[in-house]
Structure formats: structure tokens, C-alpha cells
Amino acid sequence: MIAILSRDCSLKEKADVVRSLESEGYRVTVGVLDDEIVISVLGVPRLGLEERLATMPGVRETRRDVPPYALVARAHHPETTRVKAGGVTIGGREIVVIAGPCSIESEAQVRSIAGSVAASGAGMLRGGAFKPRTSPYGFQGLGEEALRLLAAAGEEAGLPVVSEVVGPEDVDLVARYVDVLQIGARSMQNFRLLAACGRQPKPVLLKRSPMATIDEFLNAAEYVVTHGNPRVILCERGIRTFETATRNTLDVSAVPVLRERSHLPVVVDPSHAAGRREWVPALALAAIAAGADGLLVEVHDDPEAALSDGRQSLTSEGFDAMMGGVRRVAEAVGRSVGP
Ligand code: PEP
Ligand code: MN
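Summarised in this report is the structure supplied together with it.

Criteria and thresholds
- Residues numbered from 1 in each chain as written.
- Chains lettered and ligands numbered in written order.
- Predicted model: local features only at pLDDT ≥ 70, side-chain atom pairs only at ≥ 80, totals over all residues.
- Heavy atoms only, no water.
- Core = buried A, V, L, I, M, F, W, Y, C linked by side-chain atoms within 4.5 Å.
- Buried < 20%, exposed > 50% of the residue type's maximum accessible area, 1.4 Å probe, protein only.
- Helix = DSSP H or I, 4+ residues; strand = E, 2+ residues; numbered from the N terminus.
- Salt bridge = Lys/Arg side-chain N within 4 Å of Asp/Glu carboxyl O.
- Axes fitted to C-alpha atoms, helices over the stretch in contact; angles between N-to-C directions.
- Parallel < 35°, antiparallel > 145°, perpendicular 65-115°, else oblique.
- Left-handed = near helix turned anticlockwise from the far one by under 90°.
- Contact = heavy atoms within 4.5 Å.
- Nonpolar A, V, L, I, M, F, W, Y, C, P; charged D, E, K, R; others polar.
- Near = heavy atom within 4 Å.
- Polar contact = N/O pair within 3.5 Å; in protein donor to acceptor, adjacent residues only side chain to side chain.
- Areas by Shrake-Rupley, 256 points an atom, 1.4 Å probe, with all protein chains shown as cover.
- Donors = N, O, S within 2.8 Å, 3.2 Å for Na, K, Ca; no water.
- Pairing = 2+ DSSP bridges.

Among the nonpolar cores identified, the biggest contains 76 residues, and Leu-295, Phe-319 and Met-322 are the most heavily contacted of them. Per-element tally for this core: the top contributor is helix α7 (residues 214-226), with seven residues. Among the nonpolar cores identified, the runner-up in size contains 15 residues, and Ala-3, Cys-9, Val-17 and Val-59 belong to it.

Tallying each qualifying case throughout the model produces 22 salt bridges. A salt bridge links Lys-12 to Asp-16; the shortest N-O distance between them is 2.7 Å. You can see Lys-12 and its partner Asp-16 sitting in helix α1 (residues 11-23), four residues apart, about one turn around the helix. Its relative accessible area of 56% is what places Lys-12 among the exposed residues. A salt bridge links Glu-144 to Arg-148; its shortest N-O distance comes to 3.7 Å.

Turning our eyes to something else, we now look at the packing of helix α10 (residues 280-289) against helix α11 (residues 316-332). Across the interface, α10 lies against α11 with an axial gap of 9 Å and an inter-helix angle of 20°. Compared by their axis directions, α10 and α11 come out roughly parallel. Of the two possible hands of crossing, α10 and α11 adopt the one that is right-handed. Taken together, the residues of α11 that come into contact with α10 (itself represented by Val-280, Pro-281, Ala-284, Leu-285, Ile-288 and Ala-289) are Met-322, Gly-325, Val-326, Val-329 and Ala-330. Broken down by class, the residue content of the contact of α10 with α11 amounts to ten nonpolar, one polar and no charged.

For Val-161, the position within the fold is in strand β9 (residues 161-164). The spacing of Val-161 and Ala-75 is 86 residues in sequence and 31 Å in space, taken between C-alpha atoms. With residues up to four places along the chain from it excluded, the contact list for Val-161 reads Met-124, Leu-125, Leu-150, Ala-151, Gly-154, Tyr-177, Val-178, Asp-179 and Val-180.

Okay, the site of ligand 1 next. Taken together, the residues surrounding ligand 1 are Cys-102, Arg-126, Lys-131, Glu-164, Gln-182, Gly-184, Ala-185, Arg-186, Lys-207, Arg-237, His-272 and Glu-298. In the model, an oxygen atom of ligand 1 is placed 2.7 Å from a nitrogen or oxygen of the Arg-126 side chain. With respect to ligand 1, the backbone of Ala-185 contributes an N or O atom lying 2.7 Å from an oxygen atom. Against a free-state accessible area of 300 Å², the protein chains account for coverage of 98% of ligand 1. Across the shell around ligand 1, the residue classes tally to two nonpolar, three polar and seven charged.

The manganese ion (ligand 2) binds to the protein through Cys-102 (SG), His-272 (NE2), Glu-298 (OE) and Asp-309 (OD), with metal-donor distances spanning 2.0 to 2.4 Å. Of note, the manganese ion (ligand 2) draws all its donor residues from one chain, in the sequence arrangement C-x169-H-x25-E-x10-D. Of this pair, Glu-298 sits in strand β14 (residues 294-298) while Asp-309 sits in the loop between β14 and α11, and the two are eleven residues apart along the sequence. By relative accessible area, which is 18% here, Asp-309 ends up buried.

With that out of the way, let us pick up the sheet that holds strand β3 (residues 36-41). Pairing within the open sheet is antiparallel, and its four strands lie in the order β2-β3-β1-β4. At either end of the open sheet lies a strand with only one pairing partner, and these are β2 (28-33) and β4 (59-63). For this sheet the average axis-to-axis angle between neighbouring strands, irrespective of direction, equals 25°. Judged from the four bridges that link them, strand β1 (residues 2-5) and β4 form a sheet pairing that is antiparallel. Among the inter-strand pairings, Ile-2 is bridged to a residue of β4, identified as Arg-63. Most of the contacts of α1 go to β3, to which it runs at about 5°, and overall it touches β1, β2, β3 and β4.

Okay, structure coming up:
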């Protein structure tokens, strides 16, 4: 529920509304929407609250028909949130491209890919250490050893690093090595994982589940923020539709919708959407044109031999060529590729 204050309400009236709600045990946020001050009550309001609020001095209107994700809603934070990770900012004018292998396979592999994507203008290095595989017989990742290799390769290439955490019990371990924790598409509604990532300070890259609506996605982000961590980056990576030609259907429309509904930065993963490297650059350019703040792209030095997702991984040369297009589209929409 929200209370919209009168434009001419006094500071005291505003403070009184907040104090009164807090004294009843509610958590509130104060934001600005279309020049009006909006006070949101987090959670479910108890009976009679709306009537009581409506009669308080300074309150112009109360509304119940608002989404329940107040903390991530743009209404409460008109400016796009800038998430800083290891010296790189996501959510500003500069588009950040996060690139690297699906899985970290060896020291030589991750060092070689880190060097090449850095030279092509990537802003961050990705790489999986704990892999959520559809089949229990698929490569599950090298675990902590992979995190060590990723951190070292990132440092050598001058790139902050991102890697996925699959269970709440691994959050501290992964956070020791990475600059950004990735919550994978399959884990988007693992509520204990969301809460655990919310209770630590490293930024979180939250991927949309292929089965989730945009509202469910934003509610998942709200879980992280309400547990104490406002540094969330949203990632659209394709949803499941009737189409089978592509691995998933990239929901490009999610980009403007998420940007309208939420202040959190939005990045797009064209690799898991396309499923084939030939289609990745086109989807990447569409994402930037649609307003994405960044990309998450899989790159491999020898895709045919990759232990996971080789078919959708760009070669280093393919990534370099894609970056040329990304720069041109970024410029066309008034942005640049950073950092
Ligand atoms: C990944 O980024 O390698 C990954 C497993 O992605 P998703 O969770 O989107 O399937
Ligand atoms: Mn992958």
C-alpha cells in the first residue's frame, strides 16, 4: 500500500506519517513519483490502516493497487540504481559487457579467455564454478578451485569477476572470490538463496527464470533487497515459449518493462537465449537498442571442446567482432561501452 502526500505538505507532516507507521511496526520507504512524495508500506497492511492513513494531515491519497515489490520499484527511486562492482559501474551511461566461459575448465583456458575479452573491451569476466546442469551427468564445475582460477585470471586481466552460487550454504565461499554473485535462472525462486545473498554486501546478478513473469522476477529481486542488499542487477536470459528453434526466446520487451517498473539496472544474456553462437550478436545488439545497461556473453577459446554451452559460446574473434557492433548501437542510443 502507498500513501501519496499533498504537494504542499510540511516536513513535519511527512515525518509524522512515517513515525506513526513505524510505531505500528511497519517498514516504510519514502520515494518520489512524478514530483509527489510517496510513502510505501512494505508487506501486508493490517485492517483499518488505509482509513487511518487517509485521515492523517498531509496525506492526499492512499492506494492499494500497487505492486508488492516496493524496494525495487522505480516509484521509490526514480534514478536508475548504479551498482558498483570492483571499480566498474553498471546502470550508468556506460554499457558494461560481462564476458567469459560458461564453465571454468583450467587455468590456461580462463587466463586465455580473460586476456582476449579484456582486449576486446569487456568490463567484467564471467565463469562458472558451480554449474546448475539439467542432467546430473553433465559437468558440474570445478568448485572452489575454479573460483581461485577465476579470481586470479580477473586480476591479471584487470577485470572484476562474476560467478554463480547455487546454494545458500555456498554464499560465503563464492563471495570470498568474486565481485558479483550470480543467481542462476533455475534458482530465481530459491528463496533461501535470495535471502542469503541479501544478507551479504556483494552485488547480485539475478537471472530471470525461463518460467517467470516479470512480476515474479521483480518479487525475487525484492527478496534480495529486503534482506539488506540493494545492489541487484537484473538479467533477462530468455524465457520458455512454444518456439524450439532457439534455446529460449529472448524477451526483448522485458528490457523497457523492467526499466519502467524498477530502478535496478538491467543486463541481457543473449547466449542462453539464442543457444547458438551465430545468433548471439544480433540479440546482443537488439538488447542494447532496447535500453539494456549491459550484456552477459559466453566466450570460449575452443568452443567445440567446451565442457558446457560450447554451441552458444562465441570465439574470441566472434566476440571482438560483436563488440564493434555493440559500440555502434550504443552510440546510436546515446551511450558508450565502458568502463
Ligand atoms: C550461465 O550463466 O552459465 C547459466 C547457467 O545461465 P542460466 O542460469 O541463465 O541458465
Ligand atoms: Mn552457460
